[in-house]
Amino acid sequence: MDPRITPQTSKEKELIALLYTRPEAAAKLSISLRNLDEQIAVGNLPVCRIGRSVRIRPSALEFLIEANETRLTPKRRAAIRGNRK
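Described in the following lines is the structure provided in the data block. (Residues numbered from 1 in each chain as written. Predicted model: local features only at pLDDT ≥ 70, side-chain atom pairs only at ≥ 80, totals over all residues. Heavy atoms only, no water.)

Okay, the side chain of Q39 next. Checked against the element boundaries, Q39 lands in helix α3 (residues 33-41). Taking the relative accessible area as the measure of exposure, Q39 reaches 17% and is therefore buried. Leave out the neighbours within four places in its chain, and Q39 touches N44, L45 and L64. (Helix = DSSP H or I, 4+ residues; strand = E, 2+ residues; numbered from the N terminus. Buried < 20%, exposed > 50% of the residue type's maximum accessible area, 1.4 Å probe, protein only. Contact = heavy atoms within 4.5 Å.)

One pass over the full model with this rule turns up two salt bridges. With its nearest N and O atoms 2.8 Å apart, the salt bridge here joins D37 to R22. Note that D37 is positioned in helix α3 and R22 in helix α2 (residues 22-29), a separation of 15 residues in sequence. In this structure R22 comes out as partly exposed when scored by relative accessible area, which is 26%. (Salt bridge = Lys/Arg side-chain N within 4 Å of Asp/Glu carboxyl O.)

Our next topic: the nonpolar core. Grouped together as the largest cluster of nonpolar side chains are eleven residues: Y20, A25, A26, L29, L36, I40, L45, I56, A60, L61 and L64. Those elements that provide at least two residues to this core are α2, α3 and α4 (58-67). Ignoring anything within four residues of it in the chain, the contact list for L61 reads Y20, A25, K28, L29, L45 and I56. (Core = buried A, V, L, I, M, F, W, Y, C linked by side-chain atoms within 4.5 Å.)

Looking now at α3. Every buried residue of α3 is accounted for by L36, Q39 and I40. End-on view of α3: buried residues confined to an arc of 100 degrees, all on one side of the axis. Opposite the buried face of α3, at more than 90 degrees from it, the exposed residues are R34 and A41. At its buried positions, α3 is contacted by α2, β1 (48-50) and α4. Looking one or two residues past α3, G43 carries a phi angle of roughly 90 degrees, positive in sign. (Arc of directions from axis to C-beta.)

Function-wise, these values are silent; they only describe arrangement.
As structure tokens, then:
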């Protein structure tokens, strides 16, 4: 698709709507644009480069969230409880 042509069909609009811009992705994650760019630079967030534009799939955001999830182990949970006393 020629980038100078505005999408006309609903299918073309749907395909473009599937990808987030950098500011949209940062807003979805509630992080700064700078933090998002750092995640992209170190390879933690895969992106689609279309010409000079950078687009991000929703599944890439889910991947980043899952990769950064932390779970409390029983040992860590006990350490936290011990610090509260």
